[in-house]
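# Inside the fold
Chain by chain, the residues run as shown.
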Amino acid sequence: MTRLGFAAHGMRLTRGSCGVLLGCVLGVSLLTCGFLGAPSATAAIPSFGAEGHGAGEFESPHGIAVSQEAGEVFVVDRNNSRVDVFDRGGAFLRAFGWGVANGSEALQSCTVKCFPGFEGHGSGEFFKPEGVAVDNGLLSSSHGDVYVGDTPNHRVQKFTPTGEFLLMIGGEVNATTKANLCVAGEACQAGSEGPGPGQFESTSAIAVDSTGTLYVGDRDRVQRFSPEGALQGEVKLPASGLIEALAVDGAKDLYVKSSELPGVHKYDSTGTELGSPRDQAGAPDTLTLGPSEELLVDDNTEGAHHILAYDPSGAQLSSFDAGGESQGPKSGGGIAFDEVAAVLYVLNLLPHTPVRVVEVPPPGPLVASQSSEELQPTSATVRALVNPEERASADG
C-alpha cells in the first residue's frame, strides 16, 4: 500500500502520469512515496525509424499522419523524396516515390529494399515534400487516401494508401490545359506560385475534415478543396503570414499556427477568431487533435520540448512529455494522434529522427520541474514544482 508522509497546509492528492500518488502544494512540495513493487530502470519511450536512406529510414522527415482504420502511420521524408509507411507497432510496411524500388524513373513502391526517390515535377514525383494528411472520413469518397504537400512544386498531390497517384492541385498544374487540377493519365507539372484561387505559396500545412474536405494553409489564408480537387472556397486570415501548422475539428473550426502571429489561433469557417490564442507566450511548432478533440501542441520554448493540451474553449488541460527528446533530437517534425492505439506519434528532427510513441495522460497538475533523492528499494523522496491547471506555466 502506498504511503505518503508530509506536513503542509493547502495540500491535495492527485495521481501523476507515472501512477504514483503525489501530494501537491502551489509551489514546491516535498513528499515520500512508497512504490508498489521494486523499482525498475527508467523505461525507454518506444520509438521506430532511424536516420538513413534504406527501408524504414528517414533523411529530414517533415510531416506525419495516421490512417485510423488501417492502422498505418505515414511519414513524409523530405530529403529522400518519398513517403514511408509503418504499422502501429512501428514495423516498416512500404515506401512510395519515384525510383524507390530499383532506381527506375517511374512511380514505385518498395517493401524490403528501398532507395531515395528522384526529385522532380511530374505526376507522383516530389521535390522536398513537407506535410501529409490522411482522409479518415468514413463517409468520404476518398476514405483512406493520402495527401502530400509538395511545397517547392507549389502543389498538393493525392495518392491511394499504397502509393498510386490520383491527382494534384495547384496553379496550372495541368501542363496541357493549364487548369489548376491534373488527374492520373494527364500531363502534370509543377504549380505556378501565387495568391490566386487554387494557387499556393506554401503547402506544408494540410488537413482533412470528417467529410473529406481538404484544407491547405497558404499565406494569409486557408483554401478548401473537394475530394475530387475542386476549389470550394477560402478562409481569409489577414496578417497571419504563412500558415505553418493546421488542424480541423468536427465543427470545421480551424486551429492555425502561422509565421506572423504568436501562439495557435482558432477560427470558425468564416475566419472569425474564437477565444484567445493558445500557447501565445510559448513556441508552438506543430499540432494535432486528441481523443476528445482537444488541441495538442508540440511546443519547443527555448529548445525545451513538451506537449500542451487545450480543451475546445482554450483552457489548458495538461503539459506532458517534457524532455522526452533528451536522449535524441529535437521534436518539431510533426505530431499525430492514433485513436485506436490511444497514443501520440511525435516525429523528431535530425540527427536520429525516430518516431516516438507517447501516451497522452489524463488531465493533472502541470509539473514545471521534478527531482528525486534518497532512492531506496521500495521508496524515494520526490521534489516537484507544480502549478495547478488553471495557472498554466506556458501561458503565465
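### Observations concerning the sheet that holds strand β17 (residues 206–208)
As summarised here, the arrangement of the four strands in space is β17-β18-β19-β20, forming an open sheet in which the pairing is antiparallel. If you trace the sheet from one side to the other, it starts and ends with β17 and β20 (231–236), each paired once. Ignoring which end each strand starts from, the neighbouring axes of this sheet average 20 degrees apart. Judged from the three bridges that link them, β17 and strand β18 (residues 214–218) form a sheet pairing that is antiparallel. Bridge pairing links Val208 to Leu214 in β18.

### So, the nonpolar core
Counting residues in each nonpolar core, the largest one holds 18 residues, and the members touching the most others are Phe48, Ile64, Val73, Val75, Phe86, Tyr345 and Val355. Residue assignment for this core shows that the elements contributing at least two residues are β7 (61–67), β8 (72–77), β10 (92–98), β29 (343–348) and β30 (355–359). No other element matches the three residues that β29 contributes to this core. Discounting residues that sit within four places of it in the chain, Val75 has contacts with Phe58, Pro61, Gly63, Ile64, Arg82, Val83, Asp84, Phe86, Leu347 and Val355. In this structure, Val132, Val146, Phe165 and Cys182 belong to the second largest nonpolar core, which totals 17 residues.

### Looking at the sheet that holds strand β27 (residues 316–320)
Read from one edge of the open sheet, four strands run β24-β25-β26-β27, paired in antiparallel fashion. Looking at strand neighbours, the two that pair on one side only are β24 (284–289) and β27, the edges of this open sheet. On average, each strand axis in the sheet is inclined to that of its neighbour by 20 degrees, with strand direction left out of account. Sheet topology places β24 next to strand β25 (residues 295–301); five bridges connect them, and they run antiparallel. Within the sheet, the bridge partner assigned to Thr286 lies in β25 and is Asp298.

### A word on unusual backbone geometry
One non-glycine residue, Ser60, lies in the positive phi region at around 70 degrees. By the element assignment, Ser60 lies in the loop between β6 (57–58) and β7.

### Thoughts on the state of the cysteines
The final tally for this structure, using the stated rule, is two disulfides. Note that Cys110 is cross-linked by a disulfide to Cys114, the S-S spacing being 2.1 Å. Residues Cys110 and Cys114 are joined by a disulfide whose S-S torsion is about 110 degrees; by sign, that bridge is right-handed. Each member of the pair, Cys110 as well as Cys114, is classed as buried. Sequence-ordered numbering of the bonded cysteines in the protein gives a pairing of 1-2, 3-4.

### Notes on the packing of aromatic side chains
Here the distance between the centres and the angle between the planes together describe a pair of aromatic rings. Under the criterion given, the structure shown has eight aromatic pairs. For the pair Phe48 and Phe86, a centre-to-centre distance of 5.0 Å together with 45 degrees between the ring planes defines the contact as tilted. Note that Phe48 is positioned in strand β4 (residues 47–48) and Phe86 in strand β9 (residues 82–87), a separation of 38 residues in sequence. Residue Phe48 is classed as buried on the basis of its relative accessible area, which comes to 7%. For Phe86, a relative accessible area of 1% translates into the label buried. Measuring from centroid to centroid gives 5.6 Å for Phe58 and Phe86, while their planes differ by 70 degrees, and the two rings are edge-to-face. Of this pair, Phe58 sits in strand β6 while Phe86 is found in strand β9, placing the two residues 28 residues apart along the sequence. Taken together, the ring pairs in this structure connect Phe48, Phe58, Phe86, Phe92 and Tyr345 into an aromatic cluster.

### A word on the environment of Glu294
Here Glu294 shows up in the loop between β24 and β25. If sequence neighbours within four positions are ignored, Glu294 has contacts with Thr288, Leu289, Tyr310 and Leu317. Here the side chain of Glu294 touches Ser292 through a polar contact of 2.7 Å, landing on its backbone nitrogen.

### Notes on the pattern of salt bridges
Summed over all chains, the structure comprises 13 salt bridges. Measuring nitrogen to oxygen at the nearest pair gives 3.7 Å for the salt bridge that ties Asp77 to Arg82. With a relative accessible area of 0%, Asp77 lands in the buried category. Put simply, Asp321 and Arg356 hold a salt bridge, and the shortest N to O gap is 2.7 Å. Of this pair, Asp321 sits in the loop between β27 and β28 (331–338) while Arg356 sits in strand β30; the two residues are 35 residues apart in sequence, bridging distant segments of the chain. The exposure classification of Asp321 matches that of Arg356, with both residues buried.

Parameters and conventions
- Each chain carries its own residue numbering, running from 1 in the direction its sequence is written.
- Thresholds applied to this predicted model are a pLDDT of at least 70 for local features of residues and 80 or more for the giving and counting of side-chain atom pairs; totals over whole chains, interfaces and linings are not thresholded and use all residues.
- Each side-chain value is worked out from all heavy atoms of the structure, with water and hydrogens disregarded.
- Whether two strands pair comes down to DSSP finding at least two bridges between them.
- Labels follow the DSSP assignment, with helices taken as runs of H or I lasting at least four residues and strands as runs of E lasting at least two, numbered in each case from the N terminus.
- Between N-to-C directions, angles cover 0 to 180 degrees, with each direction set by a line fitted to C-alpha atoms, over the stretch in contact for helices.
- Grouping buried Ala, Val, Leu, Ile, Met, Phe, Trp, Tyr and Cys residues that are joined through side-chain atoms within 4.5 Å yields what is termed a nonpolar core.
- Residue exposure (1.4 Å probe, protein chains only): buried if accessible area is under 20% of the type maximum, exposed if over 50%, otherwise partly exposed.
- Here, residues are in contact when the closest pair of their heavy atoms is within 4.5 Å.
- The criterion for a disulfide is a pair of cysteine sulfur atoms lying within 2.5 Å.
- Two rings from Phe, Tyr or Trp (for Trp, the six-membered ring) form a pair when their centres are within 6.5 Å of each other. A pair whose planes differ by under 30 degrees is stacked, one over 60 is edge-to-face, and the rest are tilted.
- In the analysis that follows, any N or O atom pair within 3.5 Å is treated as a polar contact, provided that within protein one partner can donate a hydrogen and the other can accept it, and provided that, for residues neighboring in sequence, both atoms belong to side chains.
- A pairing counts as a salt bridge when a side-chain nitrogen of Lys or Arg comes within 4 Å of a carboxyl oxygen of Asp or Glu.

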